[in-house]
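Listed below are the residues making up each chain.
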Amino acid sequence: YFFTFAAGCLIWVLNSRWVHPFQSRKVQLFGAAVMMACTFGFIKVHVDMGDSWYPIPNQPPHLVTDGIFQHARHPMYALFLWATVGTVLATLNWVIAWCVSGVVLVTLQRIKTEERILVQIFGEQYVQYQRKVSALGSPWHFLLGFDREMTPRTTQQQRE
């Protein structure tokens, strides 16, 4: 993500009119504000995760459901999506938009994998959490059916 963003910024710096045919200070400032909010949100996610963030936790893992996790099961991924929107608005550059769109695809694919892993680790506790809290929070909850209610049969299949 960061390498494609840097490549897009390099093209943007070259000041090619075909890359960003129009500019709007208000839209770009709004995009920059979205990106700043995402930065603070990213820090908040890590603070709320506490010891659960580390690859090899000091304690047995526990399911984090408070703080920002009350609003989204995968708030870090939701912030990546918001940062992508902010990047596009801040730059108004179609090359950067194309470059950072890859992060959206990777993020959405990773959620499916992570959901399976979390059901395996936490079982019914995570399934109940899935029923209460959207995967990406508002307004992303409509993407690719991440929030379809899981049936016990589906849960059993994911554990196997």
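Fair warning: this is a prediction, and the values are worked out from it, not measured in the lab.

## Re helix 5 (residues 124-132)
Then step 1. Within helix 5, burial applies to Tyr126, Val127, Tyr129 and Gln130. The buried side chains of helix 5 occupy one side of the element, clustering within an arc of 160° when seen end-on.

## Overview of the packing of helix 4 (residues 94-122) against helix 5
Then step 1. Between helix 4 and helix 5, the shortest axis-to-axis distance is 6 Å and the interhelical angle comes to 130°. If you check the angle between helix 4 and helix 5, you find them oblique. Across the interface between the two elements, Glu115, Leu118, Val119 and Phe122 from helix 4 touch Glu124, Gln125, Tyr126, Val127 and Gln130 from helix 5.
Then step 2. Here the contact of helix 4 with helix 5 is built from residues that sort into five nonpolar, two polar and two charged.

## Section: the packing of aromatic side chains
Then step 1. On inspection of all chains with the given rule, the structure shows three aromatic pairs.
Then step 2. Seen in terms of ring centroids, Tyr77 and Phe80 are 6.2 Å apart; in terms of plane orientation they differ by 40°. Their pairing is tilted. Note that Tyr77 and Phe80 are positioned in helix 3 (residues 75-91) at a spacing of three residues, about one turn of the helix.
Then step 3. Looking at Tyr77, the relative accessible area reads 12%, which means it is buried.
Then step 4. Taking the relative accessible area as the measure of exposure, Phe80 reaches 31% and is therefore partly exposed.
Then step 5. Both rings, one in Tyr126 and one in Tyr129, keep their centres 5.7 Å apart while their planes meet at 65°; by these two values the pair is edge-to-face.

## Observations concerning the packing of helix 2 (residues 25-49) against helix 3
Then step 1. Interhelical geometry of helix 2 versus helix 3 gives an angle of 160° and a closest axis separation of 7 Å. One finds that helix 2 runs roughly antiparallel with respect to helix 3. For the element pair helix 2 and helix 3, the recorded crossing hand is left-handed.
Then step 2. Among the residues forming the contact of helix 2 with helix 3, the class breakdown is 17 nonpolar, seven polar and no charged.

## Quick notes on the nonpolar core
Then step 1. Formed by 17 residues in total, the largest nonpolar core has its most connected members in Val45, Phe69, Tyr126 and Tyr129.
Then step 2. Elements with a contribution of two residues or more to this core: helix 2, helix 3, helix 4 and helix 5.
Then step 3. The dominant element in this core, judged by the number of residues it contributes, is helix 2, at four residues.
Then step 4. Beyond its immediate chain neighbours, meaning those up to four positions away, Phe69 contacts Val45, Asp48, Met49, Val64, Pro75, Tyr129 and Val133.

## As for the confidence of the model for the protein
Then step 1. Of all residues in the protein, 70% have pLDDT values of 70 or greater, and the mean over the chain is 78.
Then step 2. Helix 6 (residues 152-159) is the least confidently modelled element of the protein, averaging 43 in pLDDT, while helix 5 averages 92, the highest of any element.
Then step 3. Scored below 50 in pLDDT, residues 150-160 shows 16 contacts in the model against residues more than four places distant or in partner chains.

Definitions and limits used
- Residues numbered from 1 in each chain as written.
- Predicted model: local features only at pLDDT ≥ 70, side-chain atom pairs only at ≥ 80, totals over all residues.
- Heavy atoms only, no water.
- Buried < 20%, exposed > 50% of the residue type's maximum accessible area, 1.4 Å probe, protein only.
- Helix = DSSP H or I, 4+ residues; strand = E, 2+ residues; numbered from the N terminus.
- Arc of directions from axis to C-beta.
- Axes fitted to C-alpha atoms, helices over the stretch in contact; angles between N-to-C directions.
- Parallel < 35°, antiparallel > 145°, perpendicular 65-115°, else oblique.
- Contact = heavy atoms within 4.5 Å.
- Nonpolar A, V, L, I, M, F, W, Y, C, P; charged D, E, K, R; others polar.
- Phe/Tyr/Trp six-rings, centres within 6.5 Å; stacked < 30°, edge-to-face > 60°.
- Left-handed = near helix turned anticlockwise from the far one by under 90°.
- Core = buried A, V, L, I, M, F, W, Y, C linked by side-chain atoms within 4.5 Å.
- pLDDT = per-residue confidence, 0-100.

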